[in-house]
Amino acid sequence: MTDNELVQGLKKHSESAIEEIMERYTAYVSTIIYNLSKGLLPTSDIEEATADLFITLWKEPEKIYEDSLKGYIAAVAKNKARETIRRVKPKGDVLDIDDVVMADEYSLSDNIDNQVLQKDLNDALDQFGQPDREIVIRYYYYYQTAPSIAEKMGLKLEAVKSKIKRARTKLKSFLTERGY
């Protein structure tokens, strides 16, 4: 079956269509979730997020347009990964960038460019004081929302939003100076 035929079958709640989609895309979805989580999620959470994605496809097939199944699946997988990360990580009070980097065993050692970029990002983050550094880490590495960060850190929402905006500007300037 083509992806368009699978989408049409899904919209008719064809069990064979969802089974074919699951067979075809489970590894793809799991890889997206694993890569986005930077290795922080255990296999059980990745499997749960993957299963949730297919449940979402089954319950909301009308959101999928023809010729967009793979892209739609990728977008939903990214959202499921972020939701899962927000739900299960972090459990401690203070976050450290090294926790994310150490968990990221799949790519840093494979690619020198990523190593250099990661070092430059760490250097940039070292220039941030607290709570700015922790806000950036929570927002960009753990995918926590601004309201969640504000609540967990006891800050006002507007303060968190403005710190994220200023940090983004500082990071952009820092990385631009280094040729990124």
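The shown structure was predicted, so the numbers you read here are calculated from the model rather than taken from an experiment. (Residues numbered from 1 in each chain as written. Predicted model: local features only at pLDDT ≥ 70, side-chain atom pairs only at ≥ 80, totals over all residues. Heavy atoms only, no water.)

Let's shift gears to the packing of helix H3 (residues 43-59) against helix H4 (residues 69-88). Taken N-terminus to C-terminus, the directions of H3 and H4 make an angle of 135°; their axes are 9 Å apart at the nearest point. Taken together, H3 and H4 sit at an angle that is classed as oblique. When you trace H3 past H4, the crossing you get is right-handed. Only Tyr 72, Ile 73, Val 76, Ala 77, Lys 80, Thr 84, Arg 87 and Val 88 of H4 make contact with H3, whose side of the interface consists of Asp 45, Glu 48, Ala 49, Asp 52, Leu 53, Thr 56 and Leu 57. Of the residues contributing to the contact of H3 with H4, the split by class is 8 nonpolar, 2 polar and 5 charged. (Axes fitted to C-alpha atoms, helices over the stretch in contact; angles between N-to-C directions. Helix = DSSP H or I, 4+ residues; strand = E, 2+ residues; numbered from the N terminus. Parallel < 35°, antiparallel > 145°, perpendicular 65-115°, else oblique. Left-handed = near helix turned anticlockwise from the far one by under 90°. Contact = heavy atoms within 4.5 Å. Nonpolar A, V, L, I, M, F, W, Y, C, P; charged D, E, K, R; others polar.)

What follows covers the packing of aromatic side chains. In total, this model carries 2 aromatic pairs according to the counting rule given. Seen from their ring centres, Tyr 139 and Tyr 140 are 4.8 Å apart, and the 85° between their planes marks the pair as edge-to-face. On the basis of relative accessible area, Tyr 139 is assigned to the partly exposed category, the value being 28%. A relative accessible area of 31% means that Tyr 140 is categorised as partly exposed. Cation over ring: Lys 170 sits above Phe 128, and NZ or CZ is 5.4 Å from the ring centre. (Phe/Tyr/Trp six-rings, centres within 6.5 Å; stacked < 30°, edge-to-face > 60°. Buried < 20%, exposed > 50% of the residue type's maximum accessible area, 1.4 Å probe, protein only. Lys NZ or Arg CZ within 6 Å of the ring centre and 35° of its normal.)

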